[in-house]
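Overview (structure and organization)
Here are the chains, one letter per residue:
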Amino acid sequence: AKAQGRGTYRIFAPEMDEHLRARLEMEADLRQALAAGQFELAYQPIFQLAQARLSGFEALLRWTHPRRGTVCPGLFIPLAEETGLIVEIGAWVLRRACEDIAGQPGELKVAINISPVQLAFGGIVETVGEVLRATGLDPGRLELEITETTLFADNQRNLDVLRRLRLLGVRIVLDDFGTGYSSLSHLRLFPLDKIKIDRSFVQEMPHRADSAAIVDALAALALRLGMTTTAEGIETAEQLDVVRRAGCTEGQGYYLGRPRPLQQALAEAGAAAGP
Ligand code: C2E
Ligand code: CA
Ligand code: CA
Ligand code: CA
């Protein structure tokens, strides 16, 4: 029933209009969200596995839409990227997260997600430098998470940006490792401090010997290359057990703590004795 030419197109046209309208509406709302104070950060704890100690938090963006309620980043981040709004929103995330964590005693770290668009066009090195100066946060407490696909798409340029970021003293984390098509030689080519092992591996590990073997080898390789590893998406005690035995440095996931507003995240992570 698909190949019927123009007639079919007319049948689908109203639907496409609907889709486009919804998109344009969300885009218009997104443009105002920052000024209207509709963004907030949720903080998810990251624990050091060997010492069972809180290492810091990953800052995750939340948008409370006046009519739709909480919109998850999987829905609006792509739109923010297509429209370029992510540059301004991402700068807000950086500043807010650094302010929040600079206000906390101790050596707690904060990890922030950096979009490919920020990396390519956003003047990211300047923005990070400004935010560090303005908030007074020790650069060693700031981690920038960049996905595998982003990083290796434009080798030479990204390599340069990463080196300049590293000169500021911040740490670079390779996010979602294992979901893209990077080769191991990339790990050597780029100045990385940490690898985040994607949750798909973590969740398969208890049932699949091959996934467990890969994570095991990767954790060892990372250490040999002077990097650490974080296992993400830990949802059960069993998964926590296997990633710990695999030698991952840190762990993160619903089992250890969900993303929460800062004060609640601090209280929950402090109240629990750790993993
Ligand atoms: P991500 O960087 O891989 O972040 C981890 C996502 O996994 C978060 O989803 C988190 O809530 C979720 N998660 C944590 N533990 C578990 C678990 O045990 N099980 C499961 N199933 N999920 C878990 P969230 O907050 O919806 O964020 C989705 C993605 O949106 C993030 O993936 C990141 O790529 C992007 N994102 C979030 N905040 C920002 C931001 O400020 N800037 C940019 N550029 N991207 C962001
Ligand atoms: Ca991340
Ligand atoms: Ca991730
Ligand atoms: Ca992800």
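Residues numbered from 1 in each chain as written. Chains lettered and ligands numbered in written order. Predicted model: local features only at pLDDT ≥ 70, side-chain atom pairs only at ≥ 80, totals over all residues. Heavy atoms only, no water.

Within an unreviewed UniProt entry, the label attached to the protein chain reads EAL domain-containing protein, and the organism entered is Ancylobacter oerskovii.

**Side note on the coordination of the calcium ion (ligand 2)**
Summarising the metal site, the calcium ion (ligand 2) is bound by the protein donors Glu58 (OE), Asn113 (OD1), Glu145 (OE) and Asp175 (OD), whose distances to it range over 2.1 to 2.4 Å. Sequence positions of the residues that donate to the calcium ion (ligand 2) give the spacing E-x54-N-x31-E-x29-D. Among the residues examined, Asp175 registers a relative accessible area of 6% and is labelled buried. (Donors = N, O, S within 2.8 Å, 3.2 Å for Na, K, Ca; no water. Buried < 20%, exposed > 50% of the residue type's maximum accessible area, 1.4 Å probe, protein only.)

**Observations regarding the pattern of salt bridges**
The full count for this structure, using the stated rule, is 18 salt bridges. Ionic pairing is found between Glu27 and Arg31, a salt bridge with its closest N-O pair at 3.1 Å. Separated by 4 residues within a single helix, Glu27 and Arg31 lie in helix H1 (residues 6-33), roughly one turn from each other. Using a relative accessible area of 15% as the deciding quantity, one classes Glu27 as buried. Between Glu145 and Lys196 there is a salt bridge, with the nearest N and O atoms lying 2.6 Å from each other. (Salt bridge = Lys/Arg side-chain N within 4 Å of Asp/Glu carboxyl O. Helix = DSSP H or I, 4+ residues; strand = E, 2+ residues; numbered from the N terminus.)

**Concerning the site of ligand 1**
Near ligand 1 you find 21 residues, and of these Gln44, Arg62, Asn113, Glu235 and Tyr254 are the closest. Gln44 places a side-chain nitrogen or oxygen 3.0 Å from a nitrogen atom of ligand 1. Here a nitrogen atom of ligand 1 sits 3.1 Å away from a polar atom, N or O, in the main chain of Leu61. Contact with the protein chains covers 83% of the free accessible surface of ligand 1, which is 800 Å². Looking at the shell around ligand 1, the elements that each hand over two or more residues are strand E2 (53-65), helix H2 (73-83), strand E6 (171-177) and helix H9 (199-204). Counting residues per element, the shell around ligand 1 draws most heavily on E2, which supplies 4 residues. Of the residues assigned to the shell around ligand 1, the class counts are 8 nonpolar, 6 polar and 7 charged. (Near = heavy atom within 4 Å. Polar contact = N/O pair within 3.5 Å; in protein donor to acceptor, adjacent residues only side chain to side chain. Areas by Shrake-Rupley, 256 points an atom, 1.4 Å probe, with all protein chains shown as cover. Nonpolar A, V, L, I, M, F, W, Y, C, P; charged D, E, K, R; others polar.)

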